[in-house]
Each structure stands twice: as structure tokens, then as C-alpha cells.
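The lines below spell out each chain.
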2 protein chains.
Amino acid sequence: MRELGLKARKAAGVLALASTAQKNAALNAMAKAIRASSNKIIAVNQSDVEAAKKKNLKDSFIDRLTLDADRVEAMAKGLEDIAGLPDPVGTTLSEWTRPNGMKISRVRVPIGVIGIIFESRPNVAADAGALCMKSGNAAILRGGSDGFQSSTLIVEALRQGLEAAGLPAAAIQMAPTTDRASVGEMLSGLGGTIDLIVPRGGKSLVARVQAEARVPVFSHLEGICHVYVDKSANPEMAREIVLNSKLRRTGVCGSAETILIDRAAAKTNLAPIIRTLIDAGCEVRGDAEARAADARVKPAREEDWSTEYLDSIVSLAVVNGVDEAMAHIAKYGSQHTDAIIADDEKTAQKFLSEVDSAIVLHNASTQFADGGEFGFGAEIGIATGKLHARGPVGLEQLATFKYQVRGSGQIRP
Amino acid sequence: MRELGLKARKAAGVLALASTAQKNAALNAMAKAIRASSNKIIAVNQSDVEAAKKKNLKDSFIDRLTLDADRVEAMAKGLEDIAGLPDPVGTTLSEWTRPNGMKISRVRVPIGVIGIIFESRPNVAADAGALCMKSGNAAILRGGSDGFQSSTLIVEALRQGLEAAGLPAAAIQMAPTTDRASVGEMLSGLGGTIDLIVPRGGKSLVARVQAEARVPVFSHLEGICHVYVDKSANPEMAREIVLNSKLRRTGVCGSAETILIDRAAAKTNLAPIIRTLIDAGCEVRGDAEARAADARVKPAREEDWSTEYLDSIVSLAVVNGVDEAMAHIAKYGSQHTDAIIADDEKTAQKFLSEVDSAIVLHNASTQFADGGEFGFGAEIGIATGKLHARGPVGLEQLATFKYQVRGSGQIRP
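From a predicted model like this one, the values you see are computed outputs, not experimental measurements. (Residues numbered from 1 in each chain as written. Chains lettered and ligands numbered in written order. Predicted model: local features only at pLDDT ≥ 70, side-chain atom pairs only at ≥ 80, totals over all residues.)

1. Some thoughts on the overall build of chain A
Counted only if it meets this: Secondary structure follows DSSP: runs of H or I at least 4 residues long count as helices, runs of E at least 2 residues long count as strands, and numbering of each begins at the N terminus. Each radius of gyration reported is based on C-alpha atoms, and the globular scaling rule is 2.2 Å times the count of residues to the power 0.38. A residue is called partly exposed when the number of other C-beta atoms within 10 Å of its own lies between 12 and 20, exposed at 12 or fewer, and buried at 20 or more, with C-beta atoms placed from the backbone. For every residue pair, C-beta atoms are placed from the backbone, and the pair is scored as a contact if these atoms sit within 7 Å.
Counting its secondary structure elements, chain A contains 15 helices and 16 strands. A globule of 413 residues ought to have a C-alpha radius of gyration of about 22 Å, and chain A, at 24 Å, matches this closely. On the principal axes, the C-alpha backbone points of chain A span a range of 70 × 65 × 35 Å. A total of 413 residues make up chain A; the buried ones form 54% of that total. A separation threshold of at least 6 residues defines the contact pool for chain A, and within that pool the share at least 24 residues apart is 72%.

2. Quick look at the domain arrangement of chain A
Residues and elements named next belong to chain A. Condition: An automatic or database domain assignment supplies the residue ranges for each domain.
Taken domain by domain, chain A holds domain 1 (2-218 + 380-405) and domain 2 (225-373). When each unit is reduced to the centre of its C-alpha atoms, the spacing between domain 1 and domain 2 is 34 Å. Across the contact, nine residues belong to domain 1 and 10 residues belong to domain 2. Of all the secondary structure elements, the ones that give two or more residues to the side of domain 1 that touches domain 2 are β14 (381-383) and β15 (391-393).

3. Remarks on the relation of the copies chain A and chain B
Stated formally: The copies were overlaid with a least-squares fit restricted to C-alpha atoms from residues scoring a pLDDT of at least 70 in each copy.
Each copy superposes on the other: chain A lies on chain B with an RMSD of 0.0 Å after a rotation of 180 degrees and an axial shift of 0.0 Å. Within this description, the copies of the chain are treated as partners about a two-fold rotation axis. Taking the C-alpha atom as reference, chain A places His-388 of chain A closest to the rotation axis, 2.0 Å from it. Both copies share a contact surface, since 100% of the interface residues of chain A are interface residues in chain B too.

4. Considerations on the interface of chain A and chain B
Note the following rule: Each residue is assigned to one of three groups, with Ala, Val, Leu, Ile, Met, Phe, Trp, Tyr, Cys and Pro labelled nonpolar, Asp, Glu, Lys and Arg labelled charged, and all others, Gly among them, labelled polar.
Between chain A and chain B, the contact holds 50 residues from the first and 50 residues from the second. Those elements that place two or more of their residues in the side of chain A that touches chain B are α10 (235-247), α14 (345-354), β13 (359-364), α15 (371-374) and β16 (399-410) of chain A. Among the elements that line the side of chain A that touches chain B, the one with the most residues is β16 of chain A, at 11 residues. Classifying every residue of the side of chain A that touches chain B gives 22 nonpolar, 17 polar and 11 charged.

5. With respect to the environment of Arg-142 of chain B
Residue and element names in this part refer to chain B. The residue Arg-142 is located in strand β4 (residues 138-142) in this model. Taking the number of C-beta atoms within 10 Å as the measure of exposure, Arg-142 has 24 and is therefore buried. On a C-alpha basis, the gap between Arg-142 and Ala-29 in space is 23 Å, while along the polypeptide they are 113 residues apart. If sequence neighbours within four positions are ignored, Arg-142 has contacts with Gly-115, Ile-117, Ala-175, Ser-182, Val-183 and Met-186.

6. Examining the sheet that holds strand β10 (residues 298-299) of chain A
Keep this limit in mind: Strand pairing is assigned whenever DSSP detects at least two bridges linking the two strands. For helices, the fitted axis covers only the stretch in contact; all axes are lines through C-alpha atoms, and the angles between them, taken along N-to-C directions, range from 0 to 180 degrees.
The sheet built from 10 strands is open, its strands ordered β10(A)-β9(A)-β11(A)-β8(A)-β7(A)-β12(A)-β13(A)-β16(B)-β2(B)-β1(B) with mixed pairing. Two strands close off the open sheet at either side, each with one partner strand: β10 of chain A together with β1 (92-97) of chain B. Bridge count for strand β2 (residues 103-110) of chain B against strand β16 (residues 399-410) of chain B is eight bridges, and the pairing is antiparallel. Following the sheet pairing, Val-109 of chain B is matched in β16 of chain B by Thr-400 of chain B. Lying on the sheet, helix α13 (residues 321-332) of chain A is in contact with β7 (225-229), β8 (256-262), β11 (313-319) and β12 (337-341) of chain A; it crosses β11 of chain A at an angle near 135 degrees.

7. Topic: unusual backbone geometry
Backbone geometry at Asn-363 of chain A places phi at a positive 55 degrees, although glycine is not the residue there. Within the secondary structure, Asn-363 of chain A sits in strand β13. Here Asn-363 of chain A falls in the buried class, since 22 other C-beta atoms lie within 10 Å of it. Residue Leu-310 of chain B is not a glycine yet carries a positive backbone phi of 50 degrees. By the element assignment, Leu-310 of chain B lies in the loop between β10 (298-299) and β11 (313-319).

8. Notes on the sheet that holds β4 of chain B
Residues and elements named next belong to chain B. Pairing is parallel across the open sheet formed by four strands, whose spatial order is β5-β4-β3-β6. A strand with exactly one partner marks an edge of an open sheet, and here the two such strands are β5 (172-174) and β6 (196-200). Strand after strand, the sheet turns through a mean of 20 degrees between neighbouring axes, direction not considered. Where β4 and β5 come together, three bridges link them in parallel fashion. Looking across to β5, one finds that Leu-141 is bridged to Met-174. On top of the sheet, helix α6 (residues 123-134) reaches β3 (113-118), β4, β5 and β6; it is set at about 160 degrees to β4, its chief contact. In the packing of helix α8 (residues 180-187) onto the sheet, contacts are made with β3, β4 and β6, and the angle to β4 comes to roughly 150 degrees.

9. So, helix α2 (residues 20-36) of chain B
Residue and element names in this part refer to chain B. Under the convention used in this document: In this analysis, the expected span of each helix is defined as 1.5 Å times one less than the number of residues it contains.
Compared with an ideal rise of 1.5 Å per residue, which puts 17 residues at 24 Å, α2 spans 24 Å between its outermost C-alpha atoms and is within 8% of the ideal. When we look at burial in α2, the residues that qualify are Lys-23, Ala-26, Leu-27, Ala-29, Met-30, Ala-31, Ala-33 and Ile-34. Packing partners of the buried residues in α2 comprise α3 (38-54), α5 (69-84), α6 and α7 (148-164).

10. Some details on α5 of chain B
Residue and element names in this part refer to chain B. Put simply, the test is: The directions considered for the arc are those from the helix axis to the C-beta atoms.
Taking 1.5 Å per residue, 16 residues should reach 22 Å; α5 reaches 23 Å between its end C-alpha atoms and fits that length. Regarding α5, the residues found buried are Val-72, Met-75, Ala-76, Leu-79, Ile-82 and Ala-83. Burial along α5 is one-sided: seen end-on, the buried residues are contained in an arc of 115 degrees. Every exposed residue of α5 that faces more than 90 degrees away from the buried side is listed here: Asp-70 and Gly-84.

11. With respect to the pairing of β4 of chain B
All names here are of chain B. As a reminder, the rule being used: Crossovers are described as right-handed under a simple rule: with the strands pointing away from the observer, the path leading from the first strand over the helix to the second runs clockwise.
With five of five residues buried, β4 lies mostly within the body of the structure. Neither face of β4 is open: one carries Ala-138, Ile-140 and Arg-142, the other Ala-139 and Leu-141, and all of them are buried. With five bridges connecting them, β3 and β4 associate as parallel partners. Within the sheet, the bridge partner assigned to Ile-114 lies in β4 and is Ala-139. The parallel pair β3 and β4, bridged by α6, forms a crossover whose chirality is right-handed. You can see the chain leave β4, run along α7 and come back into β5, and the turn it takes is right-handed.

12. Section: the environment of Gly-385 of chain A
Here Gly-385 of chain A lies in the loop between β14 and β15. Taking the number of C-beta atoms within 10 Å as the measure of exposure, Gly-385 of chain A has 22 and is therefore buried. Sequence spacing of Gly-385 of chain A and His-220 of chain A is 165 residues, and the spatial spacing of their C-alpha atoms is 7.2 Å. Excluding its chain neighbours within four sequence positions, the residues that come into contact with Gly-385 of chain A are Phe-218, Ser-219 and Arg-390 of chain A together with Pro-216 of chain B.

13. Examining the packing of helix α6 (residues 123-134) of chain A against helix α7 (residues 148-164) of chain A
Residues and elements named next belong to chain A. Using the following cut-off: Here is the rule for angles: anything less than 35 degrees is roughly parallel, anything more than 145 is roughly antiparallel, 65 through 115 is roughly perpendicular, and the remaining ranges are oblique. The handedness criterion is simple: a crossing whose near helix is rotated anticlockwise from the far helix by less than a right angle is left-handed, and one whose near helix is rotated clockwise is right-handed.
Relative orientation of the contacting elements α6 and α7 amounts to 30 degrees, with a least axis distance of 8 Å. Taken together, the axes of α6 and α7 lie roughly parallel to each other. Here the hand of the crossing between α6 and α7 comes out right-handed. Residues Ala-125, Ala-126 and Gly-129 of α6 form the contact with α7, whose own contacting residues are Ser-151, Ile-154, Val-155 and Leu-158. Partitioned by chemical class, the residues of the contact of α6 with α7 number five nonpolar, two polar and no charged.

14. A word on the packing of α10 of chain A against helix α11 (residues 266-279) of chain A
All names here are of chain A. Contact pair α10 / α11: the axes reach a minimum separation of 10 Å and the direction vectors enclose 35 degrees. As for how α10 packs across α11, the hand of that crossing is right-handed. Contact residues: α10 offers Pro-235, Ala-238, Arg-239, Val-242, Leu-243 and Lys-246, while α11 offers Thr-268, Asn-269, Pro-272, Ile-273, Thr-276 and Leu-277. Looking at side-chain class alone, the contact of α10 with α11 contains seven nonpolar, three polar and two charged residues.

15. What about the pairing of β7 of chain A?
Residues and elements named next belong to chain A. Taking burial as the measure, the five residues of β7 include five buried ones, the bulk of the element. Residues Cys-225, Val-227 and Val-229 of β7 are buried on one face, and the alternating residues His-226 and Tyr-228, pointing to the opposite face, are buried as well. As defined by bridge partners, β7 adjoins β8 across five bridges and the pair is classed as parallel. Across the sheet, the residue bridging to Cys-225 is Ala-256, located in β8. Bridging between β7 and β12 involves four bridges; their strand directions are parallel. When the sheet's bridge partners are listed, Val-227 is paired in β12 with Ala-339.

Here it is, written out as C-alpha cells:
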């Protein structure tokens, strides 16, 4: 593993200075190599999937692990899309001149070496490797054991693409082992060679990363996302946004887990929203008022308010206006994504200003919590930490900056 | 300590929404309170200083600990200066509209609760507390034992200022103990209440912070700063900048520790630069060529190239052009601040682009590595990490951002 770090560090030095054209050529060559190995990747993936099935892993897990021709093509297309995105490196973020004549520029530069620890979704290897590379960083990928063979073949194709464009293959490396210790080594920073860790996985991985990491981390905690329906909400819009926030896709981190309804308009909104959810196949767990409004509502226990269901289940409470809604969100939320539905602009602005989450929305679905939907083109994940990256992590967030100072002999008095 | 965290979290909620006028009123009231307690602060500080002297601590340590009327006045003035700086909170950093009509704004917001761990410079309590407060954050200060009485009195004055402006005193708290365990508790995040740790101290503190921190850190490693004198340098400018970079103040992190001289112009630059340094009272430790140029040069050992002297000592080597200079900096530097002296623009641009340090300068002294000199008004330190803050940490770097999304009923297809 240490050797991987040294190789990555060296490759990062080359990549930081690579031109946009060269990086894009590599991405297009990667897509070509992925397509060329499509059959081989699918065959190896079948053996990964069969082994996973023997372990009786969950269907959703098997689905995330599985590749078919469409998914391999989507992966290749994804690489070409990243080639089409603007290069974040080299942009002057701000520039000013000091009274002594020194010109200071804040210029975007790559971070260096990024360690990605992921579970068994093989397409993460392609996405993450390509996003790191386009932003001028070297990547060390440490994938879970169940998708190991598939991910290794994919990374092989990425490396062919790098070499075809004259860039070092070591810019994207796959950890050769899937043992627990290799995660620990990466979290320790591989002897100072890793600048940043991005975990892509479930609760237990994120918990381990938070406990052990000795290097900065873009952490992704749960998305306990709320939709608050204010008394001033348009009832039809409220129903549509609640339904979409919860059920469009239940397995994404931006799906709503708790609906809060303003008591002042409970008569108008409570029963219709519950009915809409239940009719759409969602289990509703509510407080006493919700249960009184619809007998099909199950009782919510205390732990429901802080549960990320990632399923067709939602918790629902009646609150006294925006202040009580914000207090609920502060107590139980995960600072990920929260929405208010309201026609009253002042109330909406209060919510947008005061709720301390990465993304706060007014009259829009929480399912927009996504780098693509934000216009970032692609994302490596959503960060729930507060520093450097917050919310969708796209190419710009995978870069940092430095100050370039141009003088004409200035010394400090 | 846990209780401090909970109080800080609550105060941070209030502070995040405080107006600029209210925060500035608090800063001005703090300055007034510091001036009103000046005699008391100086008296208590004398007892701190006497106790420290009995422990035979170094003169430089005693000097940093000592307060007199001028230094207390400078502290008060510093608070008023911070009141005069622009408020970073609430600024819209960028704004765009998506094809579906959603308007996304990236808005600057406070980080939350910042833990400052410092050693025995009592003025850090005032500076750090005030910078955190102006940027809308609550601060928990944990000061070293030698300055504890002085710092506690200063924090008392800051809290009077907060209360005078109607803000919660808990926005700036001083840890009540100076035991080792209290540092550990802060590094663990005080039960999730601390968002960021800023260490202000020497190597051993920084090392402990890096080993134990469970929350993000703005780390300040050493400043192993280099000045490279290219063959195209104006010899007189080179001498002046080298002299200033090394000797203006030797105890600051931006002072140069190694001078690299291009072999192609060694005849012109080597002996004069060495002579200038030695004549100014600086010990020069050099390689064979440097020693051949001036018999007073002492031999440099391997460890000299990675030593932060913070003293009138400098290491000096002759290199083959900018590439060898950059290789030396990559091997021994600390990614803090490095300068090139050159008239050749292409060589200078290469250095600015390729040296991976927070601050890279062309034809200017490394001693400009300072928030004030950058125009930030004040700084809490220089960050040598790569994420979020890099280089001088001023008010803007003590803030983060969130995304506010304004829709009109958008749901995700």
C-alpha cells in the first residue's frame, strides 16, 4: 500500500500540470477501453455477482453490484460526459493589487492524492477515478471485496486510457487487497501521501472513517431530509413536492424522511398529504394528530424522527409554524437537505437563512440534492461536513487553491 | 467541558443570525472593556510572568507572555480594527438559474463552534475570540497554563462586550482548566459540539492535534520557506529580498529558512548574498560551493534543509536552475511560502505554477506571508493544510457556505 502512495504522489505531480486537452483525451480513451472490454467486464462481474448471491446478500446490494451491457455503456458515456465538463484547474478565483503594488491571485489547483474507499458498486471506480483525474488529482481506489474483480478490470481500462493519452497509469490505482487493514492504512494517509479521503458507502464505513482518519475527509453522513409544509403553502404544490421528495427514489440520500405540517393549516394539508402518500404505497408513521387524521397512520416512536429509512416509509408530525419546524430539524436532522413549502416569502426566507443544512430549498423537491441537478455535471457524492465541500461534490470541490503573488522587488518594512 | 460545548452551540445559533451592527457594537464594547481593565490585566499578567520566570522558561516565551500598557492598548485597537472589517456572513458567493427555473445561491454562513487551542500568548484570546465572533462563530478557547490568569481576564472583558451588545456571553468561553485532558476533550469535538479546531502553538501541540483530532483542523505546520535566486535575477533585488525574507523578523513562520542560488549566476550572486547575510549577523550553513565562496560559511548537515530555525540562521545551497530548486523545495519544504527572484517571466511563471505551496511569490519577500499583508485585515494564523483554508486564515476563511434553492413547485422527473 505504501508503494501505491508514493506512485500516486509522483503521478499527481504530472497530472497537476497536464493540459485540459490531454486529460480529456485520456477520458475519451478510457471510455473506448471500457467499451472494448465490455464483454470481459460483464463476464467477470457475473462471477462477482454469483459469489455475492451465495453469501445471501440483500437484493438491493446485488443490484448495485450488477453490471450489464447498458450499465457498462452508461459508465463509458459518463467518462465522455466528464471530458465535456470545464476543467476546474488554473482558474483565477480572485485577484487584487496591494497598495505596495504586489498583485495577488487566488488560483485553483488540484488537491493532490485522493483516496476513495467504496463498497461494491463497480461504477464508482470509473466515476470517482475520472472525476479525480479531470480535476488534476491522482486517485487510490480501495473497493469492497464483493465487486473487487469487476472494479479491478474497470480500473485496468481507465489506466489504458491514461497511457493512451501519455499520462501516468499510476494516476488511478486500485488497492490490490480488500482486507480490513488496507482501509486502515489509507485512513492513516499512507505515510503522508494521501491528502483527502472520500468514503463512498454505508453507515459502518462512514463511522470507521470518522473514527480512524488521520487525514481530511469529505464525509457523507445520513440524509435525514425534511419537508416542512407551511400554513401559507399552496396545498396542491405541497402534495406534489412531498410525494416527489419521498417517493421518486427512496434509496437516494436526498429523499425526504420526515414531513412536518403546520398546525395552522392542518385542516387543509394533513389528511390529503397522508392520503396521497399512503395511496402511493408509502407507510406513514405519525404523531397523535396524524393518526387522528387517518387511521392507517402507524404510531411514530422517538427513533423514527432520526431514522433514514431509504425506503417507502416516512415519519410525519404536526408543528406550530416555522419556528417549531426549524427546532425539529435542528434536533433530528443531519444538515443535509431540507425544504419549505410556502407562499409567504418572509417565512420562506427565514427558513432558508436559519436552517443550518448544506442545501435548503423553497418550493422544490429535496430530490434535487444532486450534483447533476445543480449543474455540476457530475458528483462524487454529497458532503455533510461543513468545511471545503458542503453539498454536492463536483470537479470544483475536488480542487483547492493557492496564492500567486507577483512583485517587483517588494520587501516588508 | 461538555457543558461549554452545549452552551457554545446554543450561542452559535444566535450569533449566526446577529446583524453586522450588533457584532461591531460588541467588538467596540470589548475594546472598551479591555481598556477599562488594563491595569487589572497587567497586574494579573505580572503574576503569570513571575511564575513563568521561576520555571526558567525561555526569554522568547516570557516575551510572548508579557503584557504592558502598550500591548493591552494594541489588543483593544485590534478589536476595533476587526469591527471595521467587512462582515463575511450573508454574502452571495455565486448564483445561477437551472433550466427548470430553480435559482441556486451559494451563500456564506458561519461554521458554527470553533475551538482554539493556544499556548501562553494572552493576546491570542482577544484576536481569536474576536475573529470567530465577527465571522458569526462561537469560540471555545483553551489556553496554556502559564498565561491562564491573563487570558481568563481578557476573555472576561470580551464577554462583557458581548453582553453590552445584547449577544450571549457564551459566544466566547474560556476552558476553566489547563490540564492535558481538556485538550483531548476538545480534540474529540466535545460530543459533536465543536465544528473546527484551530491550534495556535508550537510543534508538539500541532503534532498532538494531528494525532488526536476527531474534528476538522486548520493545521499550521512549520514554515520551511525558500527563496530561490534564478540566474535571471537582478542581483541587488535578490540580495535585498533574501535579507528581508530571512532577517526582518526571524521568529515568524514566513521567514526564509533556506536560500537556493542558481549555479548559472553563482559568480554574481553567491558571495555577495552570503556576505550580506553574515554582515547582518546571520549564521549561514551551506553546501561545499557556498563554503568555497566564503570561509565563514559553516557546513550544512542533511537535517539543516528541513529545519525551521526561527532564528538568525539560514541554510544555503547552489542548484542547477529552477527545476533543481523546485525539486529541493518539494523534498524539504512544508508547502507554506516560497519565493523566486527572477527577471525572466517564463521561469517565474513556471515556479508559481509548479511549486505546491499555499503562497508562492515572484520578486517579493516571503515575509509577506501574513493575512494583514494580503489585505485580509487580520488573521487567526496561516494554514498549511490544503482544504478549505490555505495560507492566511482571515474572516472569510472562518466561514463556510450553504446552497439556498428557490423554486416554484419544481419536482424531479
